[in-house]
Amino acid sequence: MLAYTLRRIAQLIPVLLVLSVAVFSFVEALPGSIVDTLVGTEGGDIEEARAILTKEYGLDRPVHERYVLWLGRALQFDFGKSLVTRRPISTELLSRIPATVYLAAVGIVISLLIAVPLGTFAAVRRNSAVDYTAQVTSLAGISIPEFWFAILCVLLFSLYLGWLPSSGYVSPFEDFWGSLQFLILPAAAIGFRQAAFTTRLTRSSMLDELSKEYVDTARALGHSERKVIFKYTLRNAMIPTITISGLQLANLLGGTVVLESIFAWPGIGRAIFEAILQRDYPLIQAGVLVLGCIVVVMNLLVDLTYRLLNPRVTFA
Amino acid sequence: MAETVLALDELTVRFRLRRGDLTAVDGVSFSIERGQTFGLVGESGSGKSVTAKAIMRLIPDPPGEIPHGRVLFEGSNILDKSDTEMRALRGRRIGMVFQEPMSALNPVFTVCDQISDALRTNLGLSKAEARERVIELLSLVGIPSPQKRLDSYVHEFSGGMRQRVMLAMALSCNPSFLIADEPTTALDVTIQATILELITGMIERLGMSLLFITHNLGVVAHACDRVGVMYASHIVELGDTREIFANPQHPYTVGLLNSIPRLDGQAKYLTPIAGSVCNMMDPPSGCKFHPRCSHAMDICRREIPRLKEIAPGHLAACHLHDRGTA
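The shown structure was predicted, so the numbers you read here are calculated from the model rather than taken from an experiment. (Residues numbered from 1 in each chain as written. Chains lettered and ligands numbered in written order. Predicted model: local features only at pLDDT ≥ 70, side-chain atom pairs only at ≥ 80, totals over all residues. Heavy atoms only, no water.)

Student: Go over the pattern of salt bridges with me, naming the residues and quoting the values.
Tutor: Under the definition given, this model contains 25 salt bridges over all chains. Of the charged contacts, one joins Asp216 of chain A and Arg219 of chain A as a salt bridge, the two residues approaching to 3.1 Å between their closest N and O atoms. In this pair, Asp216 of chain A and Arg219 of chain A are both assigned in helix α9 (residues 213–220), three residues apart and thus about one turn of the helix distant. No difference in accessibility class separates Asp216 of chain A from Arg219 of chain A, as the two residues are buried. Put simply, Glu43 of chain B and Arg292 of chain B hold a salt bridge, and the shortest N to O gap is 3.6 Å. A residue pair is termed long-range when its members are at least 10 positions apart, and Glu43 of chain B in the loop between β3 (37–42) and α1 (48–55) and Arg292 of chain B in the loop between α11 (251–258) and α12 (298–302) qualify at 249 residues. (Salt bridge = Lys/Arg side-chain N within 4 Å of Asp/Glu carboxyl O. Helix = DSSP H or I, 4+ residues; strand = E, 2+ residues; numbered from the N terminus. Buried < 20%, exposed > 50% of the residue type's maximum accessible area, 1.4 Å probe, protein only.)

Student: Run through the side chain of Thr241 of chain B, naming residues and quoting values.
Tutor: Residue and element names in this part refer to chain B. Within the secondary structure, Thr241 is located in helix α10 (residues 241–246). By relative accessible area, which is 7% here, Thr241 ends up buried. Side-chain polar atoms of Thr241 contact the backbone oxygen of Asp225, separated by 2.9 Å. Once you skip the residues sitting within four places of it in the chain, Thr241 turns out to touch Val220, Ala221, Cys224, Asp225, Arg226 and Val227. (Polar contact = N/O pair within 3.5 Å; in protein donor to acceptor, adjacent residues only side chain to side chain. Contact = heavy atoms within 4.5 Å.)

Student: Describe the interface of chain A and chain B, naming the residues involved and giving the relevant values.
Tutor: One frequent convention defines the size of an interface as the accessible area lost when the parts assemble. On the chain B side, the residues contacting the 19 residues of chain A number 28 residues. Between chain A and chain B, a total of about 2,200 Å² is buried, with carbon and sulfur atoms accounting for 59% of that surface. At the boundary of chain A with chain B, the tally comes to three salt bridges. When the shortest N-O distance is used, the salt bridge between Asp216 of chain A and Lys53 of chain B registers 3.2 Å. (Buried area = accessible area lost by both parts, 1.4 Å probe.)

Student: Could you give an account of unusual backbone geometry, naming the residues involved and the relevant values?
Tutor: Its identity is not glycine, yet Arg86 of chain A carries a phi of approximately 65°, on the positive side. On the secondary structure map, Arg86 of chain A appears in the loop between α4 (63–75) and α5 (89–124). Even without being glycine, Ser145 of chain B reaches a positive phi, approximately 35°. Mapped onto the fold, Ser145 of chain B is located in the loop between α5 (127–140) and α6 (146–149).

Student: Can you break down the sheet that holds strand β12 (residues 308–311) of chain B residue by residue, with the values?
Tutor: All names here are of chain B. Overall, mixed pairing links the eight strands, which are arranged β7-β8-β9-β3-β10-β11-β13-β12 in an open sheet. What marks the edges here is a single partner per strand, and that holds for β7 (94–97) and β12. Along the sheet, successive strands turn relative to each other by an average axial angle of 20°, direction set aside. Taken together, the two bridges between strand β11 (residues 234–240) and strand β13 (residues 314–316) define a ladder with antiparallel strand orientation. Paired with Glu237 across the strands is Ala316, a residue of β13. (Pairing = 2+ DSSP bridges. Axes fitted to C-alpha atoms, helices over the stretch in contact; angles between N-to-C directions.)

Student: I'd like a rundown of the pairing of strand β1 (residues 4–17) of chain B, residues and numbers included.
Tutor: Residue and element names in this part refer to chain B. Pairing analysis gives 10 bridges linking β1 to strand β2 (residues 20–33), with the strands arranged antiparallel. Counted as the bridge partner of Arg14 is Thr23 from β2. The hairpin formed by β1 and β2 contains two residues between the paired strands. Bridge count between β1 and strand β4 (residues 64–65): two bridges; the pairing is antiparallel. Residue pairing for β4: Arg14 is matched across the bridge by Glu65.

Student: Lay out the environment of Gly69 of chain B with the relevant residues and their values.
Tutor: Residues and elements named next belong to chain B. On the secondary structure map, Gly69 appears in the loop between β4 and β5 (70–73). Residue class for Gly69 comes out partly exposed when judged on its relative accessible area of 24%. Separated by 171 residues in the primary sequence, Gly69 and Asp240 place their C-alpha atoms 24 Å from one another. Beyond its immediate stretch of four places on either side in the chain, Gly69 contacts Asp9, Glu10, Leu11 and Leu79.

Student: For helix α7 (residues 159–171) of chain B, give the residues involved together with the corresponding values.
Tutor: Each α-helix winds once per 3.6 residues, and so residues spaced three or four apart point in a common direction. All names here are of chain B. Between its terminal C-alpha atoms α7 stretches 19 Å, which fits the 18 Å expected from 13 residues at 1.5 Å a residue. In terms of residue burial, α7 counts as a mostly covered element, since 12 of its 13 residues are buried. What α7 keeps buried is the set Gly160, Met161, Arg162, Gln163, Arg164, Val165, Met166, Leu167, Ala168, Met169, Ala170 and Leu171. (Expected span 1.5 Å × (residues − 1).)

Student: Which residues make up the nonpolar core, and what values do they have?
Tutor: Residues Phe30, Ile115, Leu178, Ile179 and Leu211 of chain B are the most contacted members of the largest nonpolar core, which totals 98 residues. By residue number, the principal contributor to this core is α7 of chain B, which donates eight residues. Those residues in contact with Ile115 of chain B that lie beyond four places of it in its chain are Val134, Leu137, Leu138, Val165, Ala168, Met169 and Ser172 of chain B. One finds Tyr102, Ala104, Leu164 and Phe182 of chain A within the second-largest nonpolar core, a separate group that totals 23 residues. (Core = buried A, V, L, I, M, F, W, Y, C linked by side-chain atoms within 4.5 Å.)

Student: I'd love a proper account of the pairing of β5 of chain B, names of residues and values included.
Tutor: All names here are of chain B. Relative to β5, β1 runs antiparallel, the two being bridged by four bridges. Looking at β5, one finds that Leu6 is bridged to Phe73. Judged from the two bridges that link them, β5 and strand β6 (residues 76–77) form a sheet pairing that is antiparallel. Residue pairing across strands places Phe73 opposite Ser76, the latter belonging to β6. In this structure, the hairpin formed by β5 and β6 is closed by a connection of two residues, where Glu74 is found at a positive phi of approximately 50°.

Student: Before we move on, can you summarise the confidence of the model for chain B with the specific residues and values?
Tutor: For chain B, per-residue confidence averages 86 on the pLDDT scale, and 97% of positions sit at 70 or higher. Across the predicted assembly, pTM comes out at 0.81 and ipTM at 0.85. (pLDDT = per-residue confidence, 0-100.)

Student: Now, about the packing of helix α4 (residues 111–123) of chain B against α5 of chain B: what can you tell me, with residues and values included?
Tutor: What describes two packed helices is the angle between their axes and the distance between those same axes. Residue and element names in this part refer to chain B. Between α4 and α5, the least distance of the axes is 9 Å, while the angle of their chain directions is 115°. At the point where α4 passes α5, the crossing takes the right-handed sense. Where α4 approaches α5, its residues Val111, Cys112, Ile115, Ser116, Leu119 and Arg120 are matched on the opposing element by Lys127, Ala130, Arg131, Arg133, Val134, Leu137 and Leu138. Split into classes, the residues belonging to the contact of α4 with α5 amount to eight nonpolar, one polar and four charged. (Left-handed = near helix turned anticlockwise from the far one by under 90°. Nonpolar A, V, L, I, M, F, W, Y, C, P; charged D, E, K, R; others polar.)

Student: Break down the packing of aromatic side chains for me, with residues and values.
Tutor: Residue and element names in this part refer to chain A. Counting across every chain of the model gives 14 aromatic pairs over all chains. A ring pair is formed by Phe24 and Tyr67, whose centres lie 5.4 Å apart and whose planes are at 70°; its orientation type is edge-to-face. Here Phe24 is found in helix α1 (residues 2–29), whereas its partner Tyr67 is found in helix α4, with 43 residues between them in sequence. Owing to a relative accessible area of 8%, Phe24 belongs among the buried residues under this scheme. Taken together, a centroid distance of 4.7 Å and an interplanar angle of 75° make the contact between Tyr169 and Trp265 edge-to-face. On the criterion of sequence distance, the pair formed by Tyr169 in the loop between α7 (146–160) and α8 (176–210) and Trp265 in the loop between α11 (257–262) and α12 (268–277) is long-range, its members being 96 residues apart. You can call Tyr169 partly exposed: its relative accessible area is 25%. (Phe/Tyr/Trp six-rings, centres within 6.5 Å; stacked < 30°, edge-to-face > 60°.)

Here you go:
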């Protein structure tokens with residue numbers, strides 16, 4: 001287990017290296033340079049300013065040297081300063097990460113709380129009214145765009161009913177209960193959307209498992225139907241659901257740009273979105289790199305969790 | 001006369017499928033006495049496994065239903081019992097061994113977890129007591145160093161060992177009656193005999209009764225006191241094993257016995273029964289076996305033959321016996 005984990009971590013290194021090259025060279029490939037953007041805002045002799053700025057940003061050096069320099073700093077979580085706010089990018093990103101994690105984690109928890117009971121119930125009561133309702137609802141959930149659903153939620157709960165604020169963010173570390181009222185709408189929008197996929201998945205894998213013989217074995221041993229389903233069958237049926245939920249979480253941590261924009265949620269996705277609008281290249285670079293790392297690490301965690309759920313997986 | 005443990009009385013199981021009704025078990029009656037081993041033989045699809053599941057009340061409804069018939073276990077009808085009463089019977093009074101241990105054992109729980117859960121639920125043992133009992137059971141069924149194998153998962157066992165685990169599980173709560181549904185079919189031939197001997201040995205040792213379901217006549221000859229031969233949802237012949245092997249009365253039983261390959265070199269070719277099993281969605285009229293029977297007469301196409309006693313304790317369902325010409 002330990003050897004496998006270490007080997008998997010070692011395998012991440014080349015992936016992350018390729019990612020860093022891609023991120024670096026994509027900004028490098030953009031027409032113009034940071035200097036052009038900056039020079040316009042500085043007064044005085046333009047050529048002199050260019051020369052000073054070029055030297056300050058190290059742009060007089062060859063590309064590979066600059067890459068190594070950039071990577072070396074990135075490893076120490078130093079991405080330089082934002083061109084717009086002039087604040088260190090690392091503090092900028094660090095302040096955004098908790099908001100994204102908070103939203104994504106609660107969103108996935110909501111989706112599992114919907115999907116697992118509903119999918120299980122739909123499978124056990126196959127072809128019942130509950131089953132059809134669950135199937136139609138999840139089909140709708142897959143088909144309806146997330147942003148549209150989110151806007152409708154805002155209309156209903158914020159404008160018409162006035163129950164919840166339409167947008168904004170309060171850190172849960174400052175005011176936990178206060179943060180919840182801002183969290184509910186975006187997290188529910190995420191939860192419903194993701195549950196649309198996992199409900200169907202849970203239903204079909206539950207149906208699959210219910211037809212297996214070990215279910216009858218458990219019944220033949222005198223266990224109650226509830227135990228047969230919720231202990232013996234569900235544990236097997238949860239394997240695909242948990243795997244997919246883990247990947248969904250990785251995706252959500254990669255920033256839910258649209259939802260974060262609708263709800264003015266100060267997450268990492270919105271930070272990158274704004275940086276793109278303002279051509280804040282170093283921030284884009286750093287943001288994409290950090291997101292890439294999060295996704296890759298999440299994938300690793302999903303793989304490792306898989307073993308806990310499914311003992312048949314061997315770490316060869 | 002010995003005490004009857006299990007008696008089936010005109011048991012009928014039907015499945016309502018989209019394509020129509022399918023009668024998988026049709027008016028099956030037989031009884032098993034205490035300490036006896038009863039073999040139910042038949043081809044795939046003859047209804048023998050459905051019979052076993054009906055005894056355990058494991059027929060899913062829908063699509064399955066039991067329109068009539070009784071399953072008397074120690075005198076009371078299983079089909080009338082509530083779910084709670086049925087649960088008290090399963091595991092504690094009737095144990096069941098399935099055909100394919102790999103799929104019949106839960107892949108994500110350890111062997112100890114699965115068996116001790118049954119012990120704790122049915123016998124109210126503590127966690128530690130249950131664990132001790134699991135070790136005892138595993139060594140009883142011949143699993144070497146059970147202390148080490150206790151916390152293994154099913155996929156970590158070999159086929160024969162898995163069936164031993166399955167048996168330990170079925171025997172865990174001291175049932176007096178065991179149903180073994182083709183317990184040796186999924187195993188290597190070399191292991192089949194070992195498992196067979198293990199099962200019959202345990203039955204004898206624990207004074208249990210056994211319903212043994214198989215398609216293998218050799219296994220029946222070896223292990224069973226009495227035999228019921230099933231063909232297309234009916235019991236066609238019923239009697240003591242010796243009597244049936246020595247003096248088979250139904251053409252199907254005769255065909256089955258003739259189709260066993262002989263090792264004494266008398267025949268070069270196998271003697272199969274002509275034709276194939278009828279389509280149960282659209283069974284032939286009259287005797288279900290008549291399209292394959294070389295003795296078929298007019299009456300066979302019209303009337304379903306009833307089981308009749310042709311010698312003490314030996315019953316057959318064939319029109320040939322109506323005329324006294326066996």
